Every structure is written in C-alpha cells, then in structure tokens.
Amino acid sequence: MADLRSNFVGIKSPNPFWLASAPPTDKEYNVRRAFQAGWGGVVWKTLGAEGPPVVNVNGPRYGVVYGADRRVLGINNIELITDRPLEVNLREIKQVKRDYPDRALVISLMVPCDEDSWRTILKQIEDTEADGVELNFGCPHGMSERGMGSAVGQVPEYIEMVTRWVKQYSRMPCIVKLTPNITDVRKPAEAAKRGGADAVSLINTINSITSVDLDLFAPEPTIDGKGAHGGYCGPAVKPIALNMVAEIARSAETRGLPISGIGGVTTWRDAAEFMALGAGNVQVCTAAMTYGFKVVQEMISGLRDYLDSHEMELSDLIGRAVPNVTDWNQLNLNYVTKAVIDQDACIKCGRCYAACEDTSHQAIAMKPGRVFEVIEEECVACNLCLDVCPVENCITMRELAPGETDKRTGQPRGDYANWTTHPNNPMARAAE
Amino acid sequence: MTQAKLTPGVVPGRLSPADYADNFADVAPALIPHEARVAADRCYFCHDAPCVTACPTSIDIPLFIRQIATGTPDAAALTIFHQNILGGMCARVCPTENLCEGACVRMEAEGMPVEIGALQRFATDGMIDQSHPFTRGAPTGKRVAVVGAGPAGLSAAHRLAAKGHDVVIFEARAKAGGLNEYGIASYKTVDGFAQDEVDWLLSIGGIELRNEQRLGDQITLPALQADFDAVFLGMGLGGVNALRTDGENREHVRDAVDFIRELRQAEDLATLPVGRDVVVIGGGMTAVDAAVQSKLLGAENVTIVYRRGQERMGASDHEQHHATSSGVRILCNAMPIAVHGNGAVREVEFAYTEDMPDGSLNTTEHFRLKADQLFRAIGQRLDGAPDGIALDGGKIAVTGPGRTSLAGVWAGGDCAAGGDDLTVTAVAEGRDAAEDIHAVLMTRTAAEASGP
C-alpha cells in the first residue's frame, strides 16, 4: 500500500493533506477535530500583530456560487485574519502541537510591512514549537486596504524584502503564500525565491463578487445594503490555481521551488492533479467548509488507491505532468482526432447536436429516431460535444492513425509539426 | 368500525371519518419549492426534446422546467398554459409514464425520468391562484357554440375567446368540467380543483356557460348552426358499453362511471354504499379508478377482471401499480359469462381466456368470484350523435383540426374519432379546432370585406 507520509520542506505529516489558513483553522477546537478526522497538517489561521485584534463584520461573510442541486462550486469570503487575541492563539497552538507532534502545524502570519513588526511576531511564535510559517501575502479583501495581504503580494520587491526578514529572524521553514490577483504569478514566486523562501503556496483567493441581490441592488454578501469584493475559492477556482502552479513549476527561474498547492481541492483527484503539476502537498479549505473534516478520509483512500493502481510512490507523482505543460506553439498540429458517439451509450438528449449545430462546426447529423452521428468531413475535433454530453464516455475522441486521411482536409495525418514551422506563420517565414 | 367493514352487502359508512379523509387525500401531493428545484435540476434541456414530441399538446417542457429552475415558476406556468390551458389538470391525470416522462432521456440513462408531471403541477398551481394571465383579442363579432364543457370544449372555448370571438358553452350537466369534474378518481384532484380551474379558465371573459343543455334535448345542432357562426362538438361519450352477459340486470350491477361520478359529487363519503366483495370488469383507467375507490371506501376484496392479457390493459403501468398497492387484485385473461344471484348479484362467473394469434379469445375453464357489487368499466360510446354527421367507428369522423362532414361544425375530444381518449388529447383537439375555426371565420370575414 502506498506510503502517503509527506515531507514538505522538512515539515513532516502523515499525509499531504493540510487544511489551509482559513476559517476552519481559527482555533484549537476546530484544529483538534481536524486532526482527529485525519488531516495531515494545518496552517493556523493568520495571526496579526499583538494588540487589539481585528474585528469582522457581524453580517454575512460568505457569498456562494451554486451548481445543479445547490452544489457549492465557489465561495467568496470577506472574513479577515483571526479576530482573537494573539496570546490566546499562541497558547492554543502550543497545546495542540504538543498533543499532535506527528502532524504539521504551520502558522500563517500577516503583520505590517516593517522589519520590527516581523522580528517581533517571529520571536513571539518561536515558543509554540510550530513547524513553520506561512506568510500571508494573499488576502485580497480588508487587510489589503491596510497595506497588508495582497497589497504586499502584488509587489515582488516587498515579498522579497519581507521574506528576507523572516529568514533572518527565524529558523523555521518559510512558505510564501501568493495572491492570484496579479498578471504574472511567476514574478512574486521569483521574488520569494530570491528572498530565501523555502516554498511558495498558491493560490490565495481571487477578487470577486459572487452575485448581486436584484432587489437590494447590492453585491452579496450584503452588509446593510452594501457589499465589498471578497476572496473567491472552491472548485470553481481550481483551473486558475492549476495553471499558476504549473507556471511556477515549469519556469526556468523557479523550477524546483517547492509548492504547496491550494485552490479548489475537493477530492483526491484534485489533489493528485495539483501534485502532478508540481505541488509537494495540497491545502484544502472550501471542501471542508462544505462537507466537514471527514472529506479527508476519501482523499487519503483515493490517493492511496490511485498510487497503488499505478504502482507509484507519492514522490513519483509530484511534478510528473510538468514536462507535458508547454506553450501553444509547441502543440502538434498534425495530431488529428474525430469525435465518436457510442450509440449504445447515447441517451438521445441531442445536446451534442445543439452545441455543434448552433455554436460550432455543424459536424453532427441528427437522423430519424434521434440518432446522432458525427460527420467526419466537418469535425474539427473541438470536443465540445463530448463536454456537453451528460453521459460519461458516450462520446470519445478517436486519434487518427499516422497516414490515415483526415476527411475534413483530405490530407493524410502527418508527422509532428507545430506552429513555429507552419507555413501560415509569418514569424516562421521571417526566420527563414 | 371493524363490524362495519365486515358487513355483507352494499352498505355505507364502512370506515371512520378519519379513514375516509386519509384515504381520499391528495394521492400525489404538490412538490414544495425545494423538491421542485431538485427535480428541475435533473432536466438536460434536450435538443428537440422527446418529451415535447410525446406531449399531445406539445408543451415546451425543457423551457418551463428551466424557468422553474431559475426561480420563475409563473413564467413556467405561462409556457404551459400557452399550449395547454388545462395544464393544471393534465399535470394530475396525464399518464405521464406513457407520454412525456416515458420519453424522457433520463429513462434511457437511469430509468428515472424527470418528474415532469409534478413539476407542471408545481408551476401551474401557483398561477391558478392568481388572476387570469391571458387577455382577449379585439372583438370579431363572431359567435361560436361549444357543446360540452369538458376538456375539449373548455380548451376550444378559451382559445376562441382569446381570439376575440364570443363563445357560448352548452353543457348537459349541472357543472362544467366534464370528466375532470365527474370522471376522475377524487384523490387525483382534491379540494375542488376541477371547479377552481374552470372558474379560472372562464375568467378570461367572453364565454357564457349554459348548464343542463343537452344536445338532442334542450338544444339541437341545426338550431346551433342557425344561431352561431360555428359549432364545436365536444360532448364526450355519454353511453356505456353493456356486458351482454346473463344476469347483467341484477341489483348492484352498475356502470363504473356512475359510481365514480357519484363519489366525486358526494358531500359526505360515509353516505356512499360500497360492497364488501367488489368486482370490476374492464382494463382501463375507469376500471382502476372504480376499483381503487371501492377499496378506499372500505370494500374488503376488490378484483379487477380483464378479458385479455395484462399487456393490453388500457390502464398504464403506474395506474396498475397504484391499484395493486392499494390492495386491489388484478386478474387478467378472464371474461364474464354470467352474473349469479337471487335479486342482487352474489357471484360472477368467468371463463379463463387465451389470446389467440388472430386476435380472438379462446375460453377455457370456468370459475366464480364472490361479489356483492359489480362494476362495468368496459368502455364508453357516443350516444345521440347529431343526424347527418358522418361517423367513423361509432365516433364523429373528423379531418385535420377537427372538421366534421358538416360545414361550420368541428368536433374534438372523446366524441371525435382518432387520438387517445385522454384529457390532454382532448385539450389539444379543442385548441387546434379553435385555431381552425378562427382561421375559417376570419378568412370568410376578409372575403366578405373584399367582396363586390
């Protein structure tokens, strides 16, 4: 049976599933329940500087985007960092770590952007025996208005500067949490690396308005008739997170920098995808907030079964898909596929037809008896039909064999050739 | 009360008041909003959806379900009512498993269709409680007579009124609604829904309802033809087929439709007499409605006997399951030979049958069923067709959208040949005939206007 034990920048945990710094990790009670449920680690909800704690709104903190059957696809939140006194959090962290020495316990930090503040907080947390720190340069709401969170994370020079202070004043592993609210995520990652970060974690939440109340004409969550943008997370943000993880994993400047993957991890499969794109572990929040801490048990069994069935160790998985993430201009333009509809599996809903006929290439014929057939002469292999088909594996894409004629172009399938050498590419000509 | 249950013969008051109330409560209670949302989420919004094709009134089902799913049930109701003004009753009585739900692609996928009927009821119930959503077109000055205030007549009248014609409905009975009011098991349409629906439908205006006007008695077709610009016949099937069996005239042998009608009109179910051993002969919806309601009134043993194989029963699978789960026994391939008894029925003698390849029945061994009440439910027929109108198989012959052999006379619903004898089919035929009447009347008007 695959060994799920994880060693992420020297921080050990019985599995690679950590709870992200967020509402579920705000206090001892929750974290103990999380560890009892089987979570490998926890990033404690962000601590601020000593003094009167921040206050949260007393109206709703979350906005939600639903899928069918009110399935939560995304949550946005306007909750700030911990609103509990620093000394209470520190005492609880110490107690929990003492009782769960085998679990990872990382402290998320966010203090004003000056050397003194960071030196002070690092000294204050030293006594907790926590395993590491995560620098919250990501929160897009509230704290950013005060010059912290994503306000720092959007300026690579600040990231580098603060990371240096942290490495200077602390012996703990330092993870820099990145905001996605930026044009090129590689720049802050490079800055973190220059500053000496042991790892980056990403993504933090995305600036968002989840919905508008059409009676109040105000964004949700609505506080007394007004709303502020929040941070979006959950399954809906996973594609954005995966891309950002991959960008850092494959960039020459940041290649090899450990990554803690965050963003919509809901099942073992999501976790495996993040890890295949280079994440050494994953952090989870929305799935736990939606279903409770028990979801980790499915993640553990699922990842283990997957590794076993593929005869892989956890380390074999991490980064395995990175070499296959490339630029568009490297894609093989002579790779030809055609949609194939399995008539036995087809339930005759006609969605493939509507999608193709109305919005694509008129490459599906609707025949008497609601029989839907691919017209290979028209099919450009966009696979929209497959995407909208409600039956898994009813529509598949068949790869043309080398030399087989593409009925659409009348050309036989050729060898690998990409855009850089394509005759239609003016740059290709210019290079001649 | 146990004693009353076991009392032999046809007696009233077999149950406690609470049991009557429970037994005749809504058989399929309305969906609550959460249930509707969950059910609506299952619709795939199919292209050229098979459910729409399967609906005799061609309701745009994917559209109305999407409207429910997006929180606009009134818009959903309008989508339904545009095609089927009696969409509320159809939601309750349509054999959906043979129509829209039977065609739902989810049947192919999981064997569990989208609950189209229940969703239709969810949408339409909300609008029946509101003011009428449709308005009449400009007055045409044309007058149309509609014979029968059943589903076909009401549907035709509404569409004609909406077009601006003045409509008079001549209804033989004291109340409008036809089979909706008199011919459907009461647990399918509780709380006076049938009358509420009629009132709501008529509130479009321009429709005068004249009750207790029976064709051939108080009114005649020639008189209507003389007085009106067009006539629509939708009087249904007033006659009942006889068993043609020895002893059929014994006491407590009666037509199921009469029993169902009396039950629907009863102020107090405890006053309705029912046998302890009830036998219903027939295989359609009427047989099931009579049998199940006998059981619910407290009959101890109720048996439906159908002369052919179960696969040929007119009652849908859903109706058959409802019957058997209500404690009714269904016996197929048995035909009545004689009704025995001394004055009143005591036993019914049957012969087992075999369906022969040529469609005939071969009778074999005989047996008897104890019965103190026997219901005939072997079909209705057209009674008193107007003179001179062409018939087809005993019903009024029609071409296209309900045109009869007589100029200016249309027909639809059960009294017209063709189509299934379903509420929804009657609604479709009434609607389509109304559109045709409108087209003919307006063409005629235009021709007159441009004439010499």
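Refer to the structure presented above.
Within each chain, residues carry numbers counting from 1 in the order of the written sequence. Each chain gets a letter, beginning with A, and each ligand a number, beginning with 1, in the order they are written. Under the rules for a predicted model, residues below a pLDDT of 70 receive no local features and side-chain atom pairs below 80 are neither given nor counted, while totals for whole chains, interfaces and linings still include all residues. Side-chain metrics rest on all non-hydrogen atoms present in the structure, leaving aside hydrogens and water.

Student: So, the interface of chain B and chain A: which residues are in play, and what are the values?
Tutor: Contacts between the two partners involve twelve residues from chain B, matched on the other side by 14 residues from chain A. What gets called buried area is simply the loss in accessible area from a 1.4 Å probe that two parts show on being joined, summed for both. Roughly 1000 Å² is buried in total at the junction of chain B and chain A, and carbon and sulfur atoms are behind 61% of that figure. Three residues, Asp41, Tyr44 and His47 of chain B, lead the burial of chain B against chain A; their summed loss comes to 53% of the area buried on that side. In the sections that follow, a salt bridge refers to a side-chain nitrogen of Lys or Arg positioned within 4 Å of a carboxyl oxygen of Asp or Glu. At the boundary of chain B and chain A, one finds zero salt bridges. What qualifies as a polar contact is a pair of N or O atoms within 3.5 Å, subject to a donor-acceptor requirement within protein and to the restriction that residues adjacent in sequence count only when both atoms come from side chains. Viewed at the interface, chain A and chain B are joined by five residue pairs in polar contact (both at pLDDT 80 or more). Only runs of H or I of at least four residues qualify as helices and only runs of E of at least two qualify as strands under DSSP, and these elements are numbered from the N terminus. Breaking the side of chain B that touches chain A down by element, the ones donating at least two residues are helix H3 (33-41) and helix H9 (105-110) of chain B. Looking at the side of chain B that touches chain A element by element, the count peaks at three residues for H9 of chain B. Throughout, a residue-residue contact means that at least one pair of heavy atoms, one from each residue, lies within 4.5 Å.

Student: Give a description of a nonpolar patch on the surface that names residues and reports values.
Tutor: Patches draw on residues past 30% relative accessible area with no salt bridge. Two like charges within 9 Å are joined, as are two nonpolar side chains (Val, Leu, Ile, Met, Phe, Trp, Tyr) within 5 Å. Surface accessibility in these figures is a Shrake-Rupley result with a 1.4 Å probe; residues are shielded only by whichever protein chains are displayed. A cluster of nonpolar side chains, Ile209, Val212, Leu214 and Phe217 of chain A, forms an exposed patch at the surface whose accessible area comes to about 470 Å². The exposure class of Val212 of chain A is partly exposed, given its relative accessible area of 47%. Accessible area is worked out with a 1.4 Å probe on protein chains only. A residue is then buried under 20% of its type maximum, exposed over 50%, and partly exposed in between.

Student: Outline empty space enclosed by the protein, supporting the account with residue identities and numerical values.
Tutor: All names here are of chain A. Cavities and pockets are found on a 1 Å grid laid over the protein atoms alone: a cavity is a set of points where a 1.4 Å probe fits but cannot escape, a pocket is an open set with protein on both sides within 12 Å along at least five of seven lines, and a lining residue has an atom within 4 Å of such a point. Grid points are joined across faces, edges and corners, and a volume is the space filled by probe spheres set on the points. For the structure on display, the rule yields six cavities of 30 Å³ or more. If you add up the space inside the largest cavity, you get close to 370 Å³. What lines the largest cavity is a set of 32 residues, and nearest its centre among them are Ser21, Ala22, Lys177, Asn204 and Thr205. Taken together, the elements giving at least two residues each to the lining of the largest cavity come down to strand S4 (41-47), strand S6 (72-77), strand S14 (230-233), strand S16 (279-284) and helix H9 (286-291). Note on residue categories: nonpolar means Ala, Val, Leu, Ile, Met, Phe, Trp, Tyr, Cys or Pro, charged means Asp, Glu, Lys or Arg, and polar means any other residue, Gly included. Taken together, the residues of the lining of the largest cavity sort by class into 17 nonpolar, twelve polar and three charged.

Student: Could you give an account of the pattern of salt bridges, with specific residues and numbers?
Tutor: Throughout the structure, instances matching the rule amount to 51 salt bridges over all chains. Residues joined by salt bridges that share partners form a network here, namely Glu28, Arg32, Arg98 and Asp99 of chain A.

Student: Can you lay out the sheet that holds strand S15 (residues 259-262) of chain A for me, pointing to particular residues and giving the numbers?
Tutor: Residues and elements named next belong to chain A. Strands qualify as paired when DSSP identifies two bridges or more between them. Overall, parallel pairing links the eight strands, which are arranged S3-S4-S7-S8-S9-S10-S15-S16 in a closed barrel. This sheet shows a mean twist of 25° between the axes of neighbouring strands, independent of strand direction. One ladder, built from three bridges, connects strand S10 (residues 199-202) with S15; its direction is parallel. If you follow Val200 over to S15, its bridge partner there is Ile259. To define axes, lines are fitted to C-alpha atoms, for helices over the stretch in contact only, and angles between the resulting N-to-C directions are given on a 0 to 180 degree scale.

Student: Describe the environment of Thr399 of chain B, and please don't skip the residues or the numbers.
Tutor: All names here are of chain B. Relative to the helices and strands, Thr399 is located in the loop between strand S16 (395-396) and strand S17 (409-411). A relative accessible area of 53% means that Thr399 is categorised as exposed. Spatially, the C-alpha atoms of Thr399 and Trp410 are 9.4 Å apart, while their sequence positions differ by eleven residues.

Student: Describe the packing of aromatic side chains, with residues and values.
Tutor: Residues and elements named next belong to chain B. Side-chain rings of Phe, Tyr and Trp (the six-membered ring for Trp) are treated as a pair once their centres are within 6.5 Å; stacked means planes under 30 degrees apart, edge-to-face means over 60, and tilted covers the remaining angles. Counted by the stated rule, this structure contains ten aromatic pairs over all chains. On the basis of an interplanar angle of 45° and a centroid distance of 4.6 Å, the ring pair of Phe81 and Trp200 is categorised as tilted. Of the two residues, Phe81 sits in helix H6 (residues 73-83) while Trp200 sits in helix H13 (residues 193-202), which places them 119 residues apart along the sequence. Residue Phe81 shares its accessibility class with Trp200, and that shared class is buried. An aromatic cluster is defined as three or more aromatic residues linked by ring pairs; in this entry it consists of Phe350, Tyr352 and Phe367. Between Arg66 and the ring centre of Phe45, over which it is positioned, the NZ or CZ distance is 5.4 Å. The criterion is that NZ of a Lys, or CZ of an Arg, lies within 6 Å of the ring centre and within 35 degrees of the ring normal, and then a charge sits over that ring.

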